[in-house]
Amino acid sequence: MVRPIVVWEEGNEVLSAQRGLGIIGTLFTQLPLDPRFNRTRIPENLHPDIGHRDVVAAYIGILAQGKSDFDHIEAYRADPFFGLSLGIAQVPSSPTLRQRRDQAAAREDHPLVHWGTVIRESTVTLLQQHAQLTPITMDGHRYIPLDCDVSPFDNGKTQKEGVSRTYKGTDGYAPMMGYLGHEGYALAFELREGKQHRQKGTPPFLVQWLRDAQTIISQRIDGAETPRILVRLDSGNDSSDNIDVIRQEQAGFLIKRNLRQQSPEVWLDRVKQDGVKSTPREGKTVYRGAFEEAPRRGHAPERCVYQVIERTVTADGQILLIPNIKVAAYWASLTAPPDDVLPWYPDHGTMEPYHSEVKTDMDLERLPSGKFATNRLVLHLACLTYNLLRVICQATIGREDVPLRKAAQRRRIRTVIQILSSVPRS
């Protein structure tokens, strides 16, 4: 057997490990960010040496590689491809990145700043241009789901502003996060203190999110009838205020009902009279149905779709001394039969992988700043960056030159980070 001869030669090529940033940069430069950021004026920094747009682009560049700490920018200051791919004239230093974020976040309410608003509107523009949304037909109408939920960020053992006890029993933040479509595009991330109840402040955000979502859908979906938004919320957001907002914006809703002090036994007695009964196996009885009821006193009645399961024998044959009763009830604007409506809600749980991608793939669970306002701005930038990666993910599905090991409707953004953003190229 002849052993191969390996020859090592020194070349003059410059290798860069950020090949995928060229795609990120192409998408980013299509957004109307340059003139808008150039028009912003931070009172503490009226004539910056490095433009605001370049500071934002630099941080998006490291976020797109799964890095969130400001100090990570130092590794790219001497890399010419990093700045070239993102259209950056001069890559900022770590202190510049941190200080500019702090200055902009502290002045968010100033009429000449509004970085958060510019980033949010750029996110909408990006999804208008590139989002691939698949409607689903129900009640003779087409719907695009909008899933909103809180996902705690564990920031324990820190002194960061706004960190407090979350409902998960950890110290951290409790941001409200919204995703559009089955493909999982991020519509908005709103940072909140850990102790804040999920319903507090939700109706005003729902108004903005619904209007942004409708703007995106009207541009991305062709057809005689523009799809409606279907808002899906957990029981922590079971509030008639949310229902009023959703109806006002002419959207549909499927909200898990908070049973509060209502006992399962009372529900079982009620549905035995009106529900449709089925027995999938011995010892398991399922009741499904719907009725009209007011969410609160003085409110108009809404449709409540339910499923109550009574188990007297477990699946492995164990007889129960006390029946096990599980109640699942939902406020629904949908008029379809309960058998068609009920399967729609479990898909709301697909948000958990989306949360994981933000917290782990993008390394954002432990936010980089000690200031609440700065972390809120970071989360806005994370939403835009997440969508840049998501657009690339969806664009590669179904392409012969980017094969999948098995059929899938979406890729994790980690795949883009690893494959597109971590392959050296001269």
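Scroll up for the structure.
Residues numbered from 1 in each chain as written. Predicted model: local features only at pLDDT ≥ 70, side-chain atom pairs only at ≥ 80, totals over all residues. Heavy atoms only, no water.

(A) Region of interest: the sheet that holds strand β3 (residues 153-154). Pairing is antiparallel across the open sheet formed by 3 strands, whose spatial order is β3-β5-β4. Pairing within the sheet leaves two strands with one partner each, and these edge strands are β3 and β4 (164-165). Here β3 runs beside strand β5 (residues 171-173); their pairing, made up of 2 bridges, is antiparallel. Bridged to aspartate 154 within β5 is glycine 172. (Pairing = 2+ DSSP bridges. Helix = DSSP H or I, 4+ residues; strand = E, 2+ residues; numbered from the N terminus.)

(B) View of the pairing of strand β12 (residues 302-313). With respect to burial, β12 is a largely interior element, 10 of its 12 residues being buried. Where strand β11 (residues 284-293) lies against β12, 10 bridges are found, and the strand directions are antiparallel. If you follow valine 286 over to β12, its bridge partner there is isoleucine 309. Bridge analysis of β12 against strand β13 (residues 319-332) gives 10 bridges, and the strand direction is antiparallel. Looking at β13, one finds that tyrosine 306 is bridged to alanine 329. Counting the residues between successive antiparallel strands, the hairpin from β12 to β13 contains 5 residues, one of them, glycine 317, with a positive phi of roughly 95°. (Buried < 20%, exposed > 50% of the residue type's maximum accessible area, 1.4 Å probe, protein only.)

(C) Spotlight on unusual backbone geometry. In this structure, glutamine 250 is a non-glycine residue whose phi angle is positive, near 60°. Inspection of the secondary structure puts glutamine 250 in the loop between α8 (240-248) and β9 (252-256). Despite not being glycine, arginine 260 shows a phi value in the positive range, around 50°. Inspection of the secondary structure puts arginine 260 in the loop between β9 and α9 (264-274).

(D) Inspection of α8 at higher detail. Restricting attention to buried positions, one finds in α8 the residues Ser240, Asn242, Ile243, Val245 and Ile246. The inward-facing, buried residues of α8 abut α7 (202-220), β8 (228-233), β9, β12 and β13. Between the side-chain oxygen of the N-cap and the backbone nitrogen of aspartate 241 there are 3.1 Å, and the N-cap of α8 in question is serine 239. One or two positions beyond α8, positive phi appears at glutamine 250, with a value near 60°. (Contact = heavy atoms within 4.5 Å. Polar contact = N/O pair within 3.5 Å; in protein donor to acceptor, adjacent residues only side chain to side chain.)

(E) Seen up close, the nonpolar core. Core analysis: the biggest nonpolar cluster contains 108 residues, and Ile24, Phe82, Leu133, Tyr179, Ile229, Trp267 and Val308 have the highest contact counts within it. Broken down by element, the residue count for this core peaks at 14 residues, all from helix α12 (residues 372-396). Every residue in contact with isoleucine 229, bar those within four places of it in the chain, is listed here: Tyr143, Ile144, Leu146, Leu180, Leu210, Ala213, Gln214, Ile217, Ala251 and Gly252. Among the nonpolar cores identified, the runner-up in size contains 14 residues, and Met138, Ala328, Leu334 and Trp344 belong to it. (Core = buried A, V, L, I, M, F, W, Y, C linked by side-chain atoms within 4.5 Å.)

(F) Just the packing of helix α6 (residues 115-130) against α7, in detail. Here α6 crosses α7 at 25°, and the two axes come no closer than 8 Å. With respect to each other, α6 and α7 are oriented roughly parallel. In this structure, α6 crosses over α7, and the sense of that crossing is right-handed. Within the contact between the two elements, α6 uses Arg120, Val124, Leu127, Gln128, Gln129 and His130 and α7 uses Gln208, Asp212, Thr215, Ile216, Gln219 and Arg220. Across the contact of α6 with α7, the residue classes break down as 3 nonpolar, 6 polar and 3 charged. (Axes fitted to C-alpha atoms, helices over the stretch in contact; angles between N-to-C directions. Parallel < 35°, antiparallel > 145°, perpendicular 65-115°, else oblique. Left-handed = near helix turned anticlockwise from the far one by under 90°. Nonpolar A, V, L, I, M, F, W, Y, C, P; charged D, E, K, R; others polar.)

(G) Structural context of the packing of aromatic side chains. In the structure shown here, the tally under the stated rule is 14 aromatic pairs. A centroid spacing of 6.3 Å and a plane angle of 90° characterise the contact between tyrosine 143 and tryptophan 344, whose relative ring orientation is edge-to-face. Here tyrosine 143, found in strand β2 (residues 141-150), pairs with tryptophan 344, found in the loop between α10 (338-341) and α11 (351-361); they are 201 residues apart in sequence, far enough to count as distant. Its relative accessible area of 13% is what places tryptophan 344 among the buried residues. Here the aromatic rings of tryptophan 267 and tyrosine 306 are separated by 6.3 Å at their centres, their planes lie at 65°, and the arrangement is edge-to-face. Here tyrosine 306 lies in strand β12 and tryptophan 267 lies in helix α9, a separation of 39 residues in the sequence. A relative accessible area of 3% places tryptophan 267 in the buried class. Among the aromatic residues, those joined into a ring-pair cluster are Tyr179, Phe189, Tyr354 and Tyr386. We note arginine 198 situated over the ring of tyrosine 167; from NZ or CZ to the ring centre the distance is 5.1 Å. (Phe/Tyr/Trp six-rings, centres within 6.5 Å; stacked < 30°, edge-to-face > 60°. Lys NZ or Arg CZ within 6 Å of the ring centre and 35° of its normal.)

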